[in-house]
Amino acid sequence: MLYGIDEGQKKKVNVKLIVFACLTVALVVGVILVIRYFSTRTLKNYVVVSQAERADSNNVTYLPFKNSILKYSKDGVSLINESGKSTWNGGYEMDKPVVDTCEDYVVVTDAGAKKFFVGSVTGKESGVTFQTDYPVSRCKVAGTGEVLALLHDEDSDNLCIYNVFEDNPLEIEIPSNIDESGYTLDFDISPDGKCVVVAYLAVKNGHMENKVCFYNFGDDIKDSSHMVGGASFSDTGIGQIKFLDNEKVAVFTENGFSVFSDMNKPTEKNKVTLQDAPKSVAVSDENILLVTGSIEDGNQKLHLYDTSGNQSFEMPISVVYSNVMISGEDIIFTDEQTCDIFRTNGSKKFHYRFDQVFEYFFPAVEGNHYYFVDSSTIKKIKVKN
């Protein structure tokens, strides 16, 4: 036997449905407003979470690394925690140390000398100071621990890939004659250590040519030179080469950048040309940042792109800064006493002018936490309302 629903019951059901729908909409709107509030509000204060005295001289340089702090000087390199204690260190003696990092590995070049140091902060490989036959200008390290070193002779530049943890350290050599190939401007090695991109400046018949050469040393490449491609930028100056992952590399120029992908057959996937020359460039795992213009002329702009070269946004900014970095969702501008942090959604996250001059300001692993380093202390702070 079937039973129906009378009109009174229908009205009660409809009212319940309407009330439920209204509550659901109100909840969704409330959640959206809360998310929007927390993702756009500007924080203007901070608290000190922990503090440690610096036990070093002012001849030490600090870098953000793996959500911690990398410290290096003429005498060695170390990874330190918020208490200022070393969790890993490597010793060497250098006059002009220059650092590059990738994943767990660190390479320190003694610029102009015949040596470099490489080690893993996890202790997987103990640090090694390696002697070369010719002076080393610069080094880049892969996530595998392999080092790409630019060795300079009187009339040639040699790019060599070393694995100093093997019995036969020299794995690959890319020789170039300066008269033919030109001067090496910049270079980078992919995180997996298989690919190399080099930028050259050549002068032929009185004309300058900026060019990029792509090399792939994977097992499936049969060409004996391992060169898999090249690109000419004519008279447009090349400033920096940066691998974004194993298959994408960015070539930064005096008026923008290009993204190349597919290291078996490199192809320019995106080209960005800006009206004003970039004065600052920063790269993270997810984003590419450029700053153009000047605050004095009132045309300073922040440009943000994803790592495929697609623009996220551009906007005017009026901050005075000497350093800029991007990490996760933070775009951090710092000057001697001032810090301005923007989110990658374009909103301002934090602004503060500190009482004292500071040297470094880095993100920590926890949200809204940062390392603040001045001449005598290392503080971990949390920004707040």
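Residues numbered from 1 in each chain as written. Predicted model: local features only at pLDDT ≥ 70, side-chain atom pairs only at ≥ 80, totals over all residues. Heavy atoms only, no water.

Undergrad: Quick question: what am I supposed to make of the sheet that holds strand E14 (residues 183–189) here?
TA: Hydrogen bonds between backbone atoms are what pair the strands of a sheet, whose relative direction is either parallel or antiparallel. With antiparallel pairing, the four strands of this open sheet are ordered in space as E14-E15-E16-E17. Across the chains shown, the open sheet's two edge strands, defined by having one partner strand only, are E14 and strand E17 (227–232). For this sheet the average axis-to-axis angle between neighbouring strands, irrespective of direction, equals 20°. The pairing of strand E16 (residues 207–216) with E17 spans five bridges and is antiparallel. Bridge pairing links Tyr-215 to Met-227 in E17. (Pairing = 2+ DSSP bridges. Helix = DSSP H or I, 4+ residues; strand = E, 2+ residues; numbered from the N terminus. Axes fitted to C-alpha atoms, helices over the stretch in contact; angles between N-to-C directions.)

Undergrad: Can you walk me through the packing of aromatic side chains in this structure?
TA: In this description, an aromatic ring pair is defined by two values, namely the gap between the centres and the angle between the planes. Using the criterion set out here, one finds 24 aromatic pairs in the structure. Plain terms: the ring middles of Phe-214 and Phe-260 are 5.1 Å apart, the flat faces sit at 55° to each other, and that makes the pair tilted. Residue Phe-214 is found in strand E16, and its partner Phe-260 is found in strand E20 (residues 256–261); the two are separated by 46 residues along the sequence. Judged by its relative accessible area of 1%, Phe-214 is buried. Members of the aromatic cluster, each reached through a chain of ring pairs, are Tyr-46, Phe-350, Tyr-352, Phe-354, Phe-358, Phe-361, Tyr-370 and Phe-372. Of note, Lys-140 hangs over the ring of Phe-187, and the distance from its end group to the ring centre comes to 5.3 Å. (Phe/Tyr/Trp six-rings, centres within 6.5 Å; stacked < 30°, edge-to-face > 60°. Buried < 20%, exposed > 50% of the residue type's maximum accessible area, 1.4 Å probe, protein only. Lys NZ or Arg CZ within 6 Å of the ring centre and 35° of its normal.)

Undergrad: So what exactly am I meant to see when it comes to the sheet that holds strand E27 (residues 330–334) here?
TA: Taken in spatial order, the four strands line up as E26-E27-E28-E29 in an open sheet, and their pairing is antiparallel. Single-partner strands in this sheet number two, and they are strand E26 (323–327) and strand E29 (348–353). Each neighbouring strand pair of the sheet contributes to a mean axis angle of 10°, computed without reference to strand direction. Sheet topology places E27 next to strand E28 (residues 338–343); five bridges connect them, and they run antiparallel. Residue pairing in the sheet places Thr-334 in a bridge with Cys-339 of E28.

Undergrad: In this structure, what is going on with unusual backbone geometry? I would like to understand it.
TA: For residues other than glycine, phi is negative in most cases, and the peptide bonds are mostly trans. Unusually for a residue other than glycine, Asp-262 sits at a positive phi of about 65°. With respect to the helices and strands, Asp-262 occurs in the loop between E20 and strand E21 (267–273). With a relative accessible area of 34%, Asp-262 lands in the partly exposed category.

Undergrad: Whenever I open this one, the confidence of the model for the protein chain confuses me. Can you help?
TA: As a general rule, the predicted coordinates of low-pLDDT regions are not to be interpreted in detail. Averaged over all residues, the pLDDT of the protein chain equals 89, while 89% of them reach at least 70. Within the model, the stretch residues 31–38 combines pLDDT values under 50 with two contacts to residues more than four positions away or in other chains. (pLDDT = per-residue confidence, 0-100. Contact = heavy atoms within 4.5 Å.)

Undergrad: Before we go on, may I ask you to explain the side chain of Thr-377 in this structure?
TA: By the element assignment, Thr-377 lies in strand E32 (residues 377–384). A distance of 2.9 Å separates a polar atom in the side chain of Thr-377 from a polar atom in the side chain of Lys-379. Ignoring anything within four residues of it in the chain, the contact list for Thr-377 reads Gln-51, Ala-52, Glu-53, Arg-54 and Phe-372. (Polar contact = N/O pair within 3.5 Å; in protein donor to acceptor, adjacent residues only side chain to side chain.)

Undergrad: Please clarify how a negative patch on the surface should be interpreted in this entry.
TA: Negative charge collects at one region of the surface, where Glu-154, Asp-155, Asp-179 and Glu-180 lie side by side. With respect to the helices, strands and loops of the structure, Asp-179 is situated in helix H2 (residues 178–181). (Patch = residues over 30% accessible without salt bridge, like charges linked within 9 Å, V, L, I, M, F, W, Y side chains within 5 Å. Areas by Shrake-Rupley, 256 points an atom, 1.4 Å probe, with all protein chains shown as cover. Salt bridge = Lys/Arg side-chain N within 4 Å of Asp/Glu carboxyl O. Lys, Arg positive; Asp, Glu negative; His and termini not counted. Charge placed at Lys NZ, Arg CZ, Asp CG, Glu CD.)

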